[in-house]
Every structure is written in structure tokens, then in C-alpha cells.
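Each chain, written out:
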Amino acid sequence: MKKTFCAAVGAVGGFISGLFGGWDGAAVTLLVLMAADYLSGLVVAGVFHASPKSGGGALESKAGFQGLCKKGMILLFVLIGVRLDILLGTGCIRDGVIIGFCANELLSIVENAGLMGLPLPAAVTGAVDLLTGKAERGGHE
């Protein structure tokens, strides 16, 4: 029974990994950043009550579910990138999609750290402001 279960889990895992273009450093990095962003968002809301995504800044199941749906859409874009690579005979679309979303996840993690009150260097906060467009609007949302 144990061997059958392990074989089934391995087959399902291999199939899913194949859908996303394999289990490489890029995929692992994206998944780690997605998990870190989600968990840091939970800490911002649950511990610091400073989430801009919920009323009063506290934990809300709706906001958490929306976050998971967004993570699912990221994975869908990676899947689409894999299929486009196969269609076009390239190997760069998936990687480009992953790099773009890694940058987005990293930006969100830095924003969450700021919401927690972590002192961030001026260069980092300036880069975050620039990337989120706040610098263009005079620092006001």
C-alpha cells in the first residue's frame, strides 16, 4: 500500500511539475517568494493589524482567499508561458514570466516589511515608491 501511495504521489507530482516546465531553480524561487509574500501578508494583518487589504487592517478570510486566488493566477501565467514556449519552440517565455513575478513578489514582501515597521534603507523605500508609482504622484496614493 505504501509503495502504491508513493508511486501515485510521485506520478501526480511529476505531471504537475511537467505542466509548469519542470522543477528548477526558477520555479522553486517563485514558489518560495509566493509563500513568503503570503505569510508576511498574514503577519501584517494578524499581528500588526496594518493590512491595507482589509477593514481595520486585521485578518479577513476574504482578503486571504483573494491572495490565494492571485497566487493561482500567477501559476496560470507560468503554465501559459510554458505552453507558449512549446508552441514557439523557445525556452525563454516561461523564465521571463517567472522573473517578472519574482520581482513582483519581492516588491510585495518589502512593502509588507515596511507595514510591519521594519526600518528600511532609503534606497529601498525609494525604489519601492518608484516601482509602485507613488513617486510620480508626489508620495500620495
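Residue numbers run consecutively from 1 along every chain, following the written order of its sequence. Local features in this predicted model are restricted to residues whose pLDDT is 70 or higher, and side-chain atom pairs enter the listing and the counts only when it is 80 or higher, whereas totals over whole chains, interfaces and linings include all residues. Side-chain measures here rest on the full set of heavy atoms in the structure, leaving out hydrogens and waters.

Participant: Please explain the environment of L79 as it appears in this structure.
Facilitator: Secondary structure elements follow DSSP: runs of H or I no shorter than four residues count as helices, runs of E no shorter than two count as strands, and numbering proceeds from the N terminus. Here L79 lies in helix 3 (residues 61-88). For L79, a relative accessible area of 23% corresponds to the partly exposed category. Counting along the chain gives 18 residues from L79 to V97, while the straight-line C-alpha distance between them is 9.5 Å. In what follows, residue pairs with any heavy atoms lying within 4.5 Å of each other are defined as contacts. In this structure, L79 is in contact with L19 and F20, ignoring residues within four places of it in sequence. When a residue's accessible area, from a 1.4 Å probe over protein chains only, is under 20% of the maximum for its type it is buried; when over 50% it is exposed; and in between it is partly exposed.

Participant: What am I meant to see in the nonpolar core here?
Facilitator: Looking at soluble globular proteins, one finds that nonpolar side chains tend to be buried together. To define a nonpolar core, start from buried Ala, Val, Leu, Ile, Met, Phe, Trp, Tyr and Cys residues and group those joined through side-chain atoms within 4.5 Å. Counting nine residues, the largest nonpolar core consists of L30, L33, M34, I74, V78, V97, I98, C102 and I109. If you list the elements that add at least two residues to this core, you get helix 2 (25-46), helix 3 and helix 4 (93-115). The element best represented in this core is helix 4, accounting for four residues. Residue contacts for V97: discarding those within four places in its chain leaves F77 and V78.

Participant: Any chance you could explain the layout of surface pockets here in plain terms?
Facilitator: If you roll a probe as big as a water molecule over the atoms, it shows you where there is empty space left. Here a cavity means grid points, on a 1 Å grid over the protein atoms only, where a 1.4 Å probe fits yet cannot get out; a pocket means an open set of points with protein on both sides within 12 Å along at least five of seven lines; lining residues are those with an atom within 4 Å of a point. Grid points are joined across faces, edges and corners, and a volume is the space filled by probe spheres set on the points. Approximately 920 Å³ is the volume found for the largest pocket. Lining the largest pocket are 37 residues, and of these D37, K53, S108, E111 and N112 sit closest to its centre. Those elements that place two or more of their residues in the lining of the largest pocket are helix 2, helix 3, helix 4 and helix 5 (122-132). The element contributing the most residues to the lining of the largest pocket is helix 4, with 10 residues.

Participant: Looking at this model, I keep getting lost on the packing of helix 2 against helix 4. Mind explaining?
Facilitator: When two helices pack together, you describe them by how their axes are tilted relative to each other and by the distance separating the axes. Angles here are taken between N-to-C directions and fall from 0 to 180 degrees, while the axes themselves are lines fitted to C-alpha atoms, restricted in helices to the stretch in contact. Where helix 2 contacts helix 4, the axes come no closer than 9 Å and their chain directions differ by 25 degrees. With respect to their mutual orientation, helix 2 and helix 4 come out roughly parallel. Regarding helix 2 and helix 4, the two cross each other, and that crossing is left-handed. Listed contacts from helix 4 to A26, A27, T29, L30, L33, M34, A36, D37, S40, G41 and V44 of helix 2 are R94, I98, F101, C102, E105, L106, S108, I109, N112 and L115. In these notes the angle categories are as follows: under 35 degrees is roughly parallel, over 145 is roughly antiparallel, 65 to 115 is roughly perpendicular, and the rest is oblique. Less than a right angle of anticlockwise turn of the near helix away from the far helix marks a crossing as left-handed, whereas a clockwise turn marks it as right-handed.

Participant: What's the story with the packing of aromatic side chains in this structure? I'm lost.
Facilitator: Each aromatic ring pair is summarised here by two numbers: the centre-to-centre distance and the angle between the ring planes. Classification of ring pairs rests on two measures: the distance between centres of Phe, Tyr or Trp rings, Trp counted by its six-membered ring, which must be within 6.5 Å, and the angle between planes, read as stacked under 30 degrees, edge-to-face over 60 and tilted in between. Considering all chains together, one arrives at one aromatic pair under this definition. Note on F77 and F101: the rings are 5.8 Å apart at their centroids and 45 degrees apart in plane angle, and the pair reads as tilted. Here F101 lies in helix 4 and F77 lies in helix 3, a separation of 24 residues in the sequence. Among the residues examined, F77 registers a relative accessible area of 40% and is labelled partly exposed.

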